Amino acid sequence: MLFMPDGSVKVLRDTSERRREITAMLRSRGSVQVTPLSEQFGVSMQTIRKDLHYLEEHGVATRAYGGAISSEVVNAGAEPAIETKRVSHTEEKERIGRLAAGMVKAGDSIMLDSGTTTLQIARFLPDEEDITVVTNDFDVLGVLNQKRKIKIVMLGGELRRRNMAFYGAQTVAALDDLLLDKLFLGVDGFDVERGITTHHEPEAQLNRKMVETAREVIAVTDASKFGKVCLHRIIDVGDLDSLITDAGAPDYIDQAAERLGISLYKA
């Protein structure tokens, strides 16, 4: 049976009807979770898992931690332009940036990955002489340049205008002799099973090198990135030390953070 918003109950005649309902939810929401579906349809979690397995076999869904993602979401579409990213989820990114900047202490050397969320961290960083910031992001450089005391290290390479950041072998090589306290890592996709992913292969390569150079790896992302999977994998979620997100993060992120020993912060 299906519990309707008005409190009435709709009886589902057979398995195929329930699976059609789940398919519709996947297409409208992008992802579904086993426990809520079990409660909503009045069937066991094992039954829902069989439904999701069936939908995966038929190309409708891709299994993920605690549920499934719509196949239309996985590797869906092109990477949004930087202009689009700058105006999406701006309030959440600002809150995340302020919280993350508050974690930077005097004497810290940090790395800010490219992205509109890490840009907000740059905005809120205290202007202190004994803070060093390494970045490959042109816009982050512009913000930091307005602060007169912070030491800035800019990674060179080839400028990718799609997101105004530098990549390539030269960029990766520049990290060989660095050891930093904190990496603030932006993401395009965050899936508990499939890891942290991005659209651009050179970015994934550089991000993995960034992770190697940092004592502490902190992912920063608004809740819209959860359940999304892009083509190029950076690291497993379990490789993170901390995750900073917003209050819209789904409950399964709390559960995963606790299971994997990740410090979770919600701005």
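Just so it is clear, the structure is predicted and the values come from calculations on it, not from any experiment. (Residues numbered from 1 in each chain as written. Predicted model: local features only at pLDDT ≥ 70, side-chain atom pairs only at ≥ 80, totals over all residues. Heavy atoms only, no water.)

Q: I tried to follow the packing of aromatic side chains on my own but got confused; where do I start?
A: Any aromatic ring pair is given by two values, namely how distant the centres are and how the planes are angled relative to each other. What the rule picks out here adds up to one aromatic pair. Where F190 meets F226, the ring centres are 5.0 Å apart and the plane angle is 85°; that geometry is what we call edge-to-face. Linking F190 in strand β12 (residues 189-191) with F226 in the loop between β14 (214-220) and β15 (232-235), this pair joins segments that are 36 residues apart in sequence. The exposure class of F226 is buried, given its relative accessible area of 8%. The residue whose ring lies beneath R19 is Y54, and the NZ or CZ to ring-centre distance is 4.2 Å. (Phe/Tyr/Trp six-rings, centres within 6.5 Å; stacked < 30°, edge-to-face > 60°. Helix = DSSP H or I, 4+ residues; strand = E, 2+ residues; numbered from the N terminus. Buried < 20%, exposed > 50% of the residue type's maximum accessible area, 1.4 Å probe, protein only. Lys NZ or Arg CZ within 6 Å of the ring centre and 35° of its normal.)

Q: Sorry if this is basic, but what is going on with the sheet that holds β12 here?
A: Backbone hydrogen bonds hold the strands of a sheet together, and the pairing may be parallel or antiparallel. If you walk across this open sheet you meet the three strands as β12-β13-β15, and the pairing is antiparallel. Two strands bound the open sheet, and with one partner strand each, they are β12 and β15. The average angle at which neighbouring strand axes cross in this sheet is 35°, direction not considered. Relative to strand β13 (residues 195-198), β12 is paired through three bridges, and the arrangement is antiparallel. Within the sheet, the bridge partner assigned to F190 lies in β13 and is I196. Docked against the sheet, helix α9 (residues 201-213) engages β13 and β15, running at close to 5° with respect to β15. (Pairing = 2+ DSSP bridges. Axes fitted to C-alpha atoms, helices over the stretch in contact; angles between N-to-C directions. Contact = heavy atoms within 4.5 Å.)

Q: Sorry if this is basic, but what is going on with the pairing of strand β7 (residues 132-135) here?
A: Side chains on a regular strand alternate between the two faces of the sheet. Side chains of β7 alternate between two faces, with T132 and V134 and V133 and T135 buried alike. Sheet topology places strand β6 (residues 109-112) next to β7; four bridges connect them, and they run parallel. Considered in β7, the bridge of I110 is made with V133. In this fold, the crossover linking β6 to β7 by way of helix α6 (residues 116-124) has right-handed handedness. Both β7 and strand β8 (residues 151-154) contribute to a ladder of four bridges, which runs parallel. Within β8, the residue paired with V134 across the bridge is V153. With helix α7 (residues 138-144) bridging β7 and the parallel β8, this β-α-β connection has right-handed handedness. (Right-handed = clockwise from strand over helix to strand, strands pointing away.)

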